[in-house]
Amino acid sequence: MLTVTLQTLRTRWATFTGSFVALSLGVALLAATGLALASSRDAPDRVPERFAAAPVVVRGQDTLRVPTPVGDRTERLARPRAVPAATVAGLRRLGRVVEDRSFTVRAEGGPADLVGHPWSTAAFAPYRIDAGRAPRAAGEVVVSGDWAAPGQRVRTDRGVVRVVGTVPDRGFENAVFYADTEAARLSPVSVQLAVDADASAVRDAVRGTTGVRVLTGDDRRYADADPERDGEALTAMNALFGTAGGVSAFVSVFVVASTFAFAVAQRRREFGLLRTAGATPGQVRRTVLAEGLVVGVLASAAGCLLGAYGAPHLAAWVVDEGLAPAWFTIGAHTWPYHLAFWTGLCVALAGVVAASWRAGRTAPTQALREASVETRAMTPGRWLCGGGLLLTALVTLAVTLAGDPGDLLHRKTYVSRPMLLISAAALLAPVAVRPLTRLLTWLPARLPGAAGLLVRENAAAGTRRTAAVAAPVLVTVALAGSLLGATATLNEAGAAETRERTAADFVVTAADEGGFDARTVDRLRAVPGTAAVAPSSSTAVYVLEDGVALIRSDARAVTDPAALAATTRLPLTAGKASGLDDGSIIVNEEWERHSVGERVRVWLGDGTERTLRIAAVMATGTGDNGVYVTSANAPGAPGAPVDRVDVTVAAGADAGAVAEALRAAAGPAGGQVSDRDAWLASTHPGTTPTSRAGILLVLGIALLYTGISLVNTTVMAASDRVRDLAALRLAGATRAQVLRLIGAESLTVVVVGAVLGLVVAGLELAGLGWALRLLSVPTTPDVPWTALTGIIVTCAALTVTTSLLTTALSLRPRAVDQPGSRK
């Protein structure tokens with residue numbers, strides 16, 4: 001049988017080309033992503049950046065630690081605490097103490113991510129003056145990089161400053177250094193400081209001070225901004241590659257299985273001859289399995305070589321896109337090649353098992369058949385698998401909607417869930433092909449001439465061929481519609497929630513996390529023509545759920561609950577917003593305890609523990625409905641920084657005049673005044689770069705495989721219709737008429753696949769829309785028609801072009817010379 005297998009592969013190489021290419025690309029992607037995942041585990045520890053030359057850094061409490069029966073649970077605090085004044089006084093007796101401060105700066109012509117610091121901290125990076133001098137007075141600054149030169153005046157959100165010096169760019173930040181007294185005025189709170197003293201003496205001085213950390217050596221990196229960004233980036237990258245690998249394996253199995261199934265259907269006579277010559281069903285099955293094994297081994301080996309070549313390029317791409325740290329490169333590892341090779345081989349064998357079983361059932365009488373009449377496309381196994389997957393998809397959707405509708409809103413869920421329904425639809429596609437084809441071609445079949453009728457009957461009669469070509473279109477359209485539609489729907493749902501909540505006519509936002517001081521807030525309150533002015537600050541509240549899970553909820557701290565009720569329409573399911581006071585909290589239904597009047601133990605943004613009464617409960621929504629407390633329960637109360645002020649205009653007042661007055665009041669503090677529409681536009685949710693790259697990668701893989709499958713299946717189908725086309729030519733059809741007929745058939749098949757794909761995507765988006773309705777979110781599913789139209793047109797162009805080229809080549813011999821045209 002090995003000889004038969006090799007001869008078959010040699011003579012029918014075109015049949016197996018698509019499977020080989022699809023499988024090798026899948027293995028290449030698995031190898032490349034495996035190498036990237038392995039390399040991410042070898043990530044070097046980050047070294048200190050801003051404090052690389054500092055002897056010791058002392059940082060205030062920045063972590064909440066809560067003991068539980070299964071061990072301590074920790075979360076980073078929303079607002080780290082400052083080092084206590086008594087501790088700072090003790091450290092000053094040991095040596096020089098430099099307080100660190102960081103605040104955002106917006107400058108005309110400068111980088112978008114400028115950050116301000118006191119000049120005295122520059123030596124710890126270390127920064128060295130390369131032009132000009134150090135700042136000595138208010139209004140003087142030193143900048144990093146070459147975007148400004150000494151002597152130049154720059155307008156910033158903190159006033160006009162004069163650049164008196166520059167320092168080289170160190171690569172990790174774009175810095176603006178102020179004189180120490182000016183930096184202290186701009187950012188009064190300091191949560192960490194550098195100490196020029198012996199580390200052991202510093203540890204003795206802070207011993208007994210809750211939460212204060214002494215950082216030396218590599219631990220000084222925890223004093224840098226976002227010290228966990230490399231780990232978070234690698235985690236997101238690994239999730240991206242894991243999703244891409246899963247989709248690649250899924251589509252590879254689909255392409256290989258569909259190719260072998262179609263090839264077996266085409267070779268019924270060939271298998272019948274083998275059976276007539278004495279081959280047993282087991283031998284026929286082993287022949288087909290051997291074909292899959294040979295293709296799998298060759299494709300997996302080629303894929304590993306291609307993956308080794310592509311992995312460095314993949315690493316460079318994720319670095320350029322900002323999805324991985326700049327130092328990320330591919331290391332030397334062997335296990336990803338083993339994993340990719342054996343996975344590819346298993347995929348090949350999994351894709352060919354069903355086809356081999358069907359081949360073994362071929363009867364010897366198949367060799368005697370003259371007419372190429374299709375047998376039933378839906379076998380019991382296909383019914384069982386397709387029906388089982390469809391039932392599983394529907395049941396899991398129903399259970400999720402009944403239990404936790406919010407689970408459908410998670411990225412992992414709306415990326416993985418469509419796979420079940422897509423698989424079921426692909427398996428059950430032959431059931432819908434015939435009625436759908438007849439429906440789509442109903443009008444063309446009634447037009448004058450025989451072309452429309454031939455298109456209808458050929459597509460409907462060749463159910464297996466039609467389903468094989470339509471299936472990859474179905475997969476791509478369904479996947480694109482589900483992923484792009486889900487992200488667009490969730491973004492619009494978030495925007496709708498914000499619109500519903502926002503009752504303010506104007507929103508005033510602070511330039512940075514330092515917020516507005518009390519004088520600025522008083523000026524805003526005093527603006528004539530306002531009906532309600534609601535200052536608030538962003539913070540966080542932590543709660544222990546089920547006794548073991550420490551959960552962080554974003555929160556807003558308001559100074560006046562009555563003003564909150566006038567400027568914000570909270571989606572309340574129980575209680576009243578006006579019932580909020582210093583001893584209570586407004587929560588949402590995601591909380592384990594969310595009944596009005598219940599008392600709940602929480603930790604505030606700076607780690608302070610409180611027990612508060614639930615005053616009101618909000619609907620869960622998309623997860624953006626946070627928590628509300630009063631300013632007395634904000635970190636640093638009563639001086640918590642106000643970073644947002646919602647304003648409503650009094651009846652009859654001039655909104656334009658109110659806006660100008662608000663700008664005049666907030667201008668000295670760098671505040672930005674936006675009307676309701678501008679505010680909603682600026683806060684409209686968007687897809688994160690990581691999610692966008694992941695979706696594009698998944699869709700790119702699906703579209704690539706679709707192209708391979710379409711071209712391969714179309715070539716196979718065209719080669720099987722040589723005798724049909726010869727009969728048409730002998731019946732009087734011209735070459736142009738045959739080509740138009742084939743083009744129309746191909747276009748019809750693509751439309752069938754697109755319609756089925758749209759149905760699957762519609763079902764997925766309908767489930768997401770129902771979940772949003774259960775979560776009280778006012779939105780409707782958003783179908784990405786532009787992207788879907790582009791994908792369908794691309795699939796149509798590929799299919800029609802391939803079918804026309806293949807048919808044109810097959811029509812080159814005279815009709816009477818075609819195989820089977822003469823006896």
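Predicted, not measured: the structure shown is a model, and the values here were computed from it.

Caption draft 1: Layout of the overall build of the protein. In terms of regular secondary structure, the protein is built from 22 helices and 23 strands. Partitioning the contacts of the protein with sequence separation of at least 6, the portion at a separation of at least 24 is 79%. Carbon and sulfur atoms make up 59% of the accessible area of the protein, which amounts to about 36300 Å² in all.

Caption draft 2: Expanded view of the pairing of strand S9 (residues 153-156). Residues Val154 and Thr156 of S9 are buried on one face, while the alternating residues Arg153 and Arg155, pointing to the opposite face, are not. Bridge analysis of S9 against strand S10 (residues 159-167) gives 4 bridges, and the strand direction is antiparallel. Its bridge partner lying in S10, arginine 155 is registered against valine 160.

Caption draft 3: Expanded view of unusual backbone geometry. Omega for the bond connecting alanine 125 with proline 126 falls within 30 degrees of zero, at 0°, which places this linkage in the cis form. Tracing the backbone through its elements, the reader meets proline 126 in the loop between strand S6 (114-118) and strand S7 (131-132). In the Ramachandran plot, aspartate 546 falls in the positive-phi region, its phi being about 55° despite a non-glycine side chain. Here aspartate 546 is to be found in the loop between strand S15 (530-545) and strand S16 (549-558).

Caption draft 4: Up close: the pattern of salt bridges. Under the defined criterion, the tally for this structure stands at 20 salt bridges. Here aspartate 554 ties to arginine 552 by a salt bridge, and the two come within 3.6 Å at their closest N and O atoms. Overall, arginine 552 belongs to the partly exposed group, its relative accessible area being 39%. Ionic pairing is found between arginine 613 and aspartate 581, a salt bridge with its closest N-O pair at 3.2 Å.

Caption draft 5: Here's a closer look at the packing of helix H15 (residues 518-525) against helix H17 (residues 655-666). For the pair H15 and H17, the least separation of the axes is 9 Å and the interaxial angle reads 165°. It follows from the interaxial angle that H15 and H17 lie roughly antiparallel. Helix-helix and strand crossings are classified by hand; for H15 and H17 the assignment is right-handed. Facing Thr520, Arg523 and Leu524 of H15, the residues of H17 in contact are Leu662, Ala665 and Ala666. Looking at side-chain class alone, the contact of H15 with H17 contains 4 nonpolar, 1 polar and 1 charged residues.

Caption draft 6: Up close: the sheet that holds strand S13 (residues 213-215). Taken in spatial order, the 4 strands line up as S4-S12-S1-S13 in an open sheet, and their pairing is antiparallel. In the strand order of this sheet, the two ends are held by strand S4 (96-100) and S13, each with one partner. The average angle at which neighbouring strand axes cross in this sheet is 25°, direction not considered. Where strand S1 (residues 56-59) meets strand S12 (residues 192-196), 4 bridges bridge the pair, whose relative direction is antiparallel. Bridge assignment links valine 56 to a residue of S12, and that residue is valine 195. Running over the sheet, helix H3 (residues 85-92) touches S1, S4 and S12 and is turned about 140° from S4.

Caption draft 7: Main features of the packing of aromatic side chains. Counting across every chain of the model gives 6 aromatic pairs. With a centroid separation of 5.1 Å and an interplanar angle of 65°, the aromatic rings of tyrosine 127 and phenylalanine 177 are classed as edge-to-face. On the criterion of sequence distance, the pair formed by tyrosine 127 in the loop between S6 and S7 and phenylalanine 177 in strand S11 (residues 174-178) is long-range, its members being 50 residues apart. Aromatic side chains phenylalanine 341 and tryptophan 342 sit 5.2 Å apart centroid to centroid with 90° between the ring planes, which places their arrangement in the edge-to-face category. On the basis of relative accessible area, tryptophan 342 is assigned to the partly exposed category, the value being 48%. By way of ring pairs, the aromatic residues Trp119, Tyr127, Phe172 and Phe177 are connected into one cluster.

Caption draft 8: Up close: a nonpolar patch on the surface. On the surface, Leu391, Val395 and Val399 cluster together to form a nonpolar patch covering roughly 280 Å² of accessible area. Residue classification places valine 395 among the partly exposed residues on the basis of a relative accessible area of 42%.

Caption draft 9: Highlighting the nonpolar core. If you look at the biggest cluster of nonpolar residues, it comprises 57 residues, and the most contacted ones within it are Phe328 and Leu479. Mapped by element, the contributors of at least two residues to this core are helix H2 (13-41), helix H6 (229-266), helix H8 (281-320), helix H11 (411-440), helix H14 (463-501), helix H19 (689-719), helix H21 (735-774) and helix H22 (785-810). Membership of the second largest hydrophobic core comes to 18 residues, among which are Val508, Phe516, Val521 and Val658.

Caption draft 10: Inspection of the side chain of arginine 101 at higher detail. In this fold, arginine 101 is placed in the loop between S4 and strand S5 (103-104). The class for arginine 101 is buried, based on a relative accessible area of 8%. Residue contacts for arginine 101: discarding those within four places in its chain leaves Gly116, His117, Pro118, Ala183, Ala184, Ser187, Pro188, Val189 and Ser190.

Caption draft 11: Local environment of the environment of valine 658. With respect to the secondary-structure elements, valine 658 resides in helix H17. Sequence separation of valine 658 and valine 647 is 11 residues, and the distance between their C-alpha atoms is 9.6 Å.

Caption draft 12: Summary view of H3. All of the buried residues in H3 are Thr87, Val88, Gly90 and Leu91. Down the axis of H3, the buried side of the element spans an arc of 160°, and every buried residue falls inside it. Every exposed residue of H3 that faces more than 90 degrees away from the buried side is listed here: Ala85 and Ala86. Those residues of H3 that are buried lie in contact with S1, S4, S12 and helix H5 (199-206).

Caption draft 13: Spotlight on the confidence of the model for the protein. With 81% of its residues at a pLDDT of 70 or more, the protein has an overall mean of 81. Within the protein, strand S8 (residues 140-144) carries the highest mean pLDDT (95), whereas helix H1 (residues 2-11) carries the lowest (58). Within the model, the stretch residues 815-823 combines pLDDT values under 50 with 18 contacts to residues more than four positions away or in other chains.

Caption draft 14: View of H17. For H17, with 12 residues, the first-to-last C-alpha span of 16 Å sits near the 16 Å given by 1.5 Å per residue. Listed in full, the buried residues belonging to H17 are Val658, Ala659, Leu662, Ala665 and Ala666. The buried side chains of H17 occupy one side of the element, clustering within an arc of 125° when seen end-on. Set apart from the buried face of H17 by more than 90 degrees, the exposed residues are Glu660 and Ala664. On its buried face, H17 sits against strand S14 (506-509), H15, S15, strand S22 (644-649) and strand S23 (672-675). Measuring from the side-chain oxygen of the N-cap residue of H17 to the backbone nitrogen of glycine 656 gives 3.1 Å; that N-cap residue is aspartate 654.

Caption draft 15: Looking closely at the environment of valine 642. Secondary-structure assignment places valine 642 in the loop between strand S21 (627-630) and S22. Separated by 132 residues in sequence, valine 642 and alanine 510 place their C-alpha atoms 7.7 Å apart. The contact partners of valine 642, leaving out residues within four places of it in the chain, are Ala510, Gly515, Phe516, Val521, Pro535, Ser536 and Ser537.

Caption draft 16: Inspection of the environment of leucine 384 at higher detail. For leucine 384, the location among the structural elements is in helix H10 (residues 380-403). A relative accessible area of 65% means that leucine 384 is categorised as exposed.

Criteria and cut-off values
- Residues numbered from 1 in each chain as written.
- Predicted model: local features only at pLDDT ≥ 70, side-chain atom pairs only at ≥ 80, totals over all residues.
- Heavy atoms only, no water.
- Helix = DSSP H or I, 4+ residues; strand = E, 2+ residues; numbered from the N terminus.
- Contact = heavy atoms within 4.5 Å.
- Areas by Shrake-Rupley, 256 points an atom, 1.4 Å probe, with all protein chains shown as cover.
- Buried < 20%, exposed > 50% of the residue type's maximum accessible area, 1.4 Å probe, protein only.
- Pairing = 2+ DSSP bridges.
- Salt bridge = Lys/Arg side-chain N within 4 Å of Asp/Glu carboxyl O.
- Axes fitted to C-alpha atoms, helices over the stretch in contact; angles between N-to-C directions.
- Parallel < 35°, antiparallel > 145°, perpendicular 65-115°, else oblique.
- Left-handed = near helix turned anticlockwise from the far one by under 90°.
- Nonpolar A, V, L, I, M, F, W, Y, C, P; charged D, E, K, R; others polar.
- Phe/Tyr/Trp six-rings, centres within 6.5 Å; stacked < 30°, edge-to-face > 60°.
- Patch = residues over 30% accessible without salt bridge, like charges linked within 9 Å, V, L, I, M, F, W, Y side chains within 5 Å.
- Core = buried A, V, L, I, M, F, W, Y, C linked by side-chain atoms within 4.5 Å.
- Arc of directions from axis to C-beta.
- pLDDT = per-residue confidence, 0-100.
- Expected span 1.5 Å × (residues − 1).
- Polar contact = N/O pair within 3.5 Å; in protein donor to acceptor, adjacent residues only side chain to side chain.

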